[in-house]
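# Examining the three-dimensional arrangement
One-letter residues, chain by chain:
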Amino acid sequence: MNIVVAVKQVPDLIEELEINEEGTGLDPDVLSFVLNEFDDHALEEALLLKEEAGATVTVVGVDTTGELDQALYTAIAKGADKAVKIVGDFEEGERMPTPIMARLLADAIREMDYDLVFVGVQAADDLDGQVAPMLAALLGLPHVGVVVGVEKADGAVKVHKEFWGGITADVLVETPAVLGIQAARQAPRYAPVSRVRQAMKEATIEEIEVDDLPEAPDASVCRMFIPEATGRAEMLEGDEEAVAGKIVEILKERGLV
Amino acid sequence: MSTYFVIAEHLQGALTETTFETLGAARALADATGGEVVGVLLGHGVQDMAGQLAAADRVLVADHPALEHFTPEAYNAALEPLLQEHQPRLTLFQNTAIGMDLAAYLAARLNWPLIAYCNGLRAEDGAIVTTSQIYGGKVFAECRLPEGPGMVTVLAGAFPAEAGQAGDAPRVETVSVSLDGLRTRFEELHEPEAEDVDITKADVIVAVGRGIQSEDNLELAEELAQALGGVVAASRPIVDAGWLPRMRQVGKSGQKVKPKLYLALGISGAPEHVEGMKDSELIIAVNTDPNAPIFDVAHYGVVADLFDVAEALLERLED
Ligand SMILES: Cc1cc2nc3c(=O)[nH]c(=O)nc-3n(C[C@H](O)[C@H](O)[C@H](O)COP(=O)(O)OP(=O)(O)OC[C@H]3O[C@@H](n4cnc5c(N)ncnc54)[C@H](O)[C@@H]3O)c2cc1C
Ligand SMILES: Nc1ncnc2c1ncn2[C@@H]1O[C@H](COP(=O)(O)O)[C@@H](O)[C@H]1O
C-alpha cells in the first residue's frame, strides 16, 4: 500500500500577526512557521497504517514558505519513506489560493504510485478545508473528510468519519481514495532532534519544479483586517492574587459562589 | 433573477440548526437583490422535511436509497448535475462535516469560486461581499465574489436560525437522480457512549485547552471545578490526546454548552471551539497571549499564566 501525505506549513498562531500595508495579506517578515496540526495527524495515521499493514509513506508539499525542508525531514525522522517538494517561483510566505495549490498537488500526485492520499482536514491559516475534496475531484477519486481513523480492508479502507456531538460513522471507501484527516487514532509521535538531524544528512528531498501556475477560479481577498475590539472582554489587571479576588467578586455578584 | 441555492443538512432524521441559519442568510441576500431562494434536500424518504425549509421559495428534493445516509460521493454525484443545470448565482453550504465534503469538491468539478468559513454575507451594488475568519479566527478577510456562479460555506452560529424558519410553506419539487458505480458505502452510525458527566447540563464549566500542558495538570482543573461546583471540559486537542473522554469536548465536533459560567483556561478560541461555547452566560478566559481570539467572546479576560490564576483562585475559594 502506498500512502501520499500532503503537508503544509502555517504561520505559528501563537505569534502576533500583522497585516501588510496593502491590507491584503499578512506581513511575511513577522511570520514563523509550524506544520499544520492536522497534517501532523494525517502523517501519524499513515505511519500507524504502515506499522499495522505495511505501507510506503510519501510526504509531499508545495513549498510556499521556503522552509518546507524542515517539515519534510521531520516527517522522515518519524518514519516516512520519501519526501517530495513542489517548488517554483512562488511568493515566499504569501498565501497561495487553495484552488491553485490543489491543482499543483494533483498534478504531482497523479504521477505517483498511490492507494491513499491523506490531507489535513483543514489548514489553520486559510481555514479552507478545501484541498482534500478538490484533490478528489481533480484526481477523479472518492473521498471522505473529517476522518478520525482508518482501517485497511480488502481493496478498500474503512474510515471513521466524525459528524458533530460525538456522532461518527463507518464508511467503506474503495481505494484509491483521498481522505481529509481530522485526528489520528493516537496523538502524533514526536521526532527526537537527533533523528531529524540524521534525516537531514541521509535523506534526499525530491524536487518537482513548476514553471507556470495553473489557472483556477478564485475570489481574491479584497481586505484583511484584525477584528474590531467590539464586544471584547473587559480585561482584569493586576497580579494573580488581585485577579483571583476580582473573579470571586464577579462570581459573588452573580450568585455563582 | 438571481437564484440562491441552500444545501440542506440533516442527521438522524432532523434538519440541522445551521441549515436554517444559512437559509436565513440566503433569504436576506435574495430579498436585497430580488432573487429566489431554492432549498435542496437530498435523502431517502425526506419529503416531510422539505416543508420545514420555510424561508425558501422552492425546495428541490432528490430522493434515492443511496442518499439515505450521508456519503460525500453520492451527495456530490447528485448535486453536480443540479448545479450545472441551474447555475445559481450563489450556492450556500454549511461549514460542517457535511458541507465541507461537498462544496470544495463541486467547486473543483464545476470550476466555480468558493469562499469558505463565511460569517458575513451582504449584497453591495449587485456584488456579493463575504467576510471569513482566517488564521484561527485572529484575522478576518473580506472577499468580493466575481459575477457568475459562486459558492460559500457558512459558519455555524453566524446568522440567526429564526430567519430561516419564517415564511409560508415552500413549493416542493422532486428531481430525479441516477447514482451508479458508487465506490463509497455507508456502513453504520455510532452514537457517543454515555458518560457519567454531562457537560451540557452543568451550570459551571472549567474548560482547559492545550495551555494545560500535561495530563497531570488536569488535577488542578478538577480541583477548581469542584470548588466552583462545576465540571471539567476541554478543547479538542486535550480529548484527541486521550486525556479526557470525547463527551467532555466543547465545540464544532463536540458538545454545545451554555453554562452560567465558562472558565476557559489556556484555550486560544479557535472558531471551532467558540462555536460550542459562545452562548455561555458568563465567559472568563485566562490566556498568556493578549491577542488570543478567546478574548473576543469572553466577558472578562486575564492575560496571565493559567496555573498562577487557577491556584490563586482555588486558594481564595477554599478560604
Ligand atoms: C472540522 C473541525 C472540527 C473541530 N472541532 C473542534 C471542537 O469541537 N472543539 C475544539 O476545541 N476544537 C475543535 N477543532 C480544533 C480547533 O481548530 C483548534 O485546533 C482547537 O480548538 C485548539 O485548541 P486549544 O485552544 O486548546 O489549543 P491552541 O490553539 O494550541 O491554544 C492553546 C492556548 O493556550 C495558551 N497558553 C499556553 N500556555 C499557557 C499558560 N501557561 N497559561 C495560559 N495560557 C496558555 C496559548 O497562548 C494558546 O492561546 C476542530 C477543527 C476542525 C478542523
Ligand atoms: N502547500 C501545500 N502543500 C501540501 N499540502 C497542502 C498545501 N496546502 C494545503 N495542503 C493540504 O491541504 C490541507 C487542507 O488545507 P486547506 O484546504 O488549505 O485548509 C492541509 O492540511 C494540507 O494537508
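Let us look at the structure shown here. Please read all numbers here as calculations on a predicted model, not as lab measurements.

All names here are of chain A. Around ligand 2 sit 20 residues, and of these Ala-6, Asp-39, Ala-123, Asp-126 and Gln-130 come closest. Contacts to ligand 2 include Asp-39, whose side-chain N or O atom sits 2.3 Å from an oxygen atom. In isolation ligand 2 offers 480 Å² of accessible surface; the protein chains occlude 100% of this area. Secondary-structure elements contributing two or more residues to the shell around ligand 2 are β4 (56-62), α3 (98-110) and β6 (116-120). A per-class count over the shell around ligand 2 returns nine nonpolar, seven polar and four charged.

The next subject is the side chain of Thr19(B). Residue and element names in this part refer to chain B. Take Thr-19: it is sitting in helix α1 (residues 17-33). Overall, Thr-19 belongs to the buried group, its relative accessible area being 0%. Setting aside anything within four residues of it in sequence, one finds Thr-19 in contact with Val-6, Ala-8, Glu-9, Leu-53 and Gln-94.

In this section: the packing of aromatic side chains. For the structure shown, the criterion picks out four aromatic pairs over all chains. On the basis of an interplanar angle of 80° and a centroid distance of 6.2 Å, the ring pair of Phe163(A) and Phe70(B) is categorised as edge-to-face. With Phe163(A) in the loop between β8 (156-162) and β9 (168-174) and Phe70(B) in the loop between β5 (58-63) and α3 (72-86), the pair connects residues from two separate chains. Side by side, Phe163(A) and Phe70(B) carry an identical accessibility label, which is buried. Between the aromatic rings of Phe70(B) and Tyr75(B), the centroid separation amounts to 4.9 Å while the plane-to-plane angle is 70°, which identifies the pairing as edge-to-face. Exposure class is identical for Phe70(B) and Tyr75(B). Each is buried. Put simply, the rings of Phe163(A), Trp164(A), Phe70(B) and Tyr75(B) touch in pairs and so form one group of aromatic residues.

The rules we used
Residues numbered from 1 in each chain as written. Chains lettered and ligands numbered in written order. Predicted model: local features only at pLDDT ≥ 70, side-chain atom pairs only at ≥ 80, totals over all residues. Heavy atoms only, no water. Near = heavy atom within 4 Å. Polar contact = N/O pair within 3.5 Å; in protein donor to acceptor, adjacent residues only side chain to side chain. Areas by Shrake-Rupley, 256 points an atom, 1.4 Å probe, with all protein chains shown as cover. Helix = DSSP H or I, 4+ residues; strand = E, 2+ residues; numbered from the N terminus. Nonpolar A, V, L, I, M, F, W, Y, C, P; charged D, E, K, R; others polar. Buried < 20%, exposed > 50% of the residue type's maximum accessible area, 1.4 Å probe, protein only. Contact = heavy atoms within 4.5 Å. Phe/Tyr/Trp six-rings, centres within 6.5 Å; stacked < 30°, edge-to-face > 60°.

Structural measurements only, silent on function.
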